[in-house]
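In case you want the letters, here they are:
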Amino acid sequence: ARIEDIQDIERIANEYNAALAARDSVKAFADATANNNELILTFMEDLEDILPTTMVINNFKSSAGVVSFAVNAPDKESVAEMIVQIRELDYVKEFTLPSFTEVEGFMPGTEVDEDGNPVLTEEEQAALEAELEEGEEPVYTIVTYEFACVLEEATETPVEGEGGAQ
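All values reported here derive from a predicted model rather than from experimental measurement.

Things to note about the pairing of strand E4 (residues 141–151)
Two strands pair when backbone bridges link them, and strand E2 (residues 66–73) and E4 are joined in this way by eight bridges, in the antiparallel orientation. Pairing of Val-67 across the sheet is with Cys-149, part of E4. Where strand E3 (residues 92–104) lies against E4, 10 bridges are found, and the strand directions are antiparallel. Its bridge partner being in E4, Val-103 is matched across the sheet by Ile-142.

Comments concerning the sheet that holds E4
Picture the strands of a sheet paired through backbone hydrogen bonds; they go either parallel or antiparallel. Strand order in the open sheet made by the four strands is E1-E2-E4-E3, with antiparallel pairing throughout. Whereas interior strands pair on both sides, the edge strands pair on one side only; in this sheet they are strand E1 (56–63) and E3. The sheet shows a mean angle of 10° between the axes of neighbouring strands, taken without regard to direction. Relative to the sheet, helix H3 (residues 76–87) contacts E2, E3 and E4, its axis offset from that of E3 by approximately 170°.

A few points about the nonpolar core
Ranked by internal contacts, the top residues of the largest apolar core, which has 24 residues, are Phe-43, Phe-69, Met-82, Ile-86, Val-92, Phe-147 and Leu-151. Once you skip the residues sitting within four places of it in the chain, Val-92 turns out to touch Phe-43, Ile-86, Cys-149, Val-150 and Leu-151.

Digging into H3
An ideal rise of 1.5 Å per residue puts 16 Å on 12 residues; H3 measures up with 17 Å between its terminal C-alpha atoms. Of the residues making up H3, those classed as buried are Ser-78, Val-79, Met-82, Ile-83 and Ile-86. All buried residues of H3 project into a common sector of 145° when viewed along the axis, lining one side. Turned more than 90 degrees away from the buried face of H3 sit Glu-77 and Arg-87, all of them exposed.

The rules behind these values
Residues numbered from 1 in each chain as written. Predicted model: local features only at pLDDT ≥ 70, side-chain atom pairs only at ≥ 80, totals over all residues. Heavy atoms only, no water. Pairing = 2+ DSSP bridges. Helix = DSSP H or I, 4+ residues; strand = E, 2+ residues; numbered from the N terminus. Axes fitted to C-alpha atoms, helices over the stretch in contact; angles between N-to-C directions. Contact = heavy atoms within 4.5 Å. Core = buried A, V, L, I, M, F, W, Y, C linked by side-chain atoms within 4.5 Å. Buried < 20%, exposed > 50% of the residue type's maximum accessible area, 1.4 Å probe, protein only. Expected span 1.5 Å × (residues − 1). Arc of directions from axis to C-beta.

Here you go:
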């Protein structure tokens, strides 16, 4: 009877070792086919959530996990907030701001009145007037920022003893 008990333990140990080997094989296959470009969709979805509706992406390129893009924005403050949020994404490993330019004008798609001024909501008009000095005319600008970042899948830290001898 004792030998039969030991045979069950040996069978269970063999099944366990076979399952570990199968798992390691599948993981090795998945690691071999993984590509940083797979993160691009995730990054684009996150950008959609992060970017305010006042910003426009006018150039987006990706190669081997490196993403570069340019954003038109009506002000620097909204871009600063966007930068903070992008840096909080755990798969963004490097983030640079190679350049920015500021020119007079309106964001693409801005509705203008017969005098060539942008049509603003009451709230936007009040905020603009609060920023201006008495008699000062508003200057509308578009700020274009170029960004580059490296996307990298978070790697798992192996748990000590996982899959080891029992």
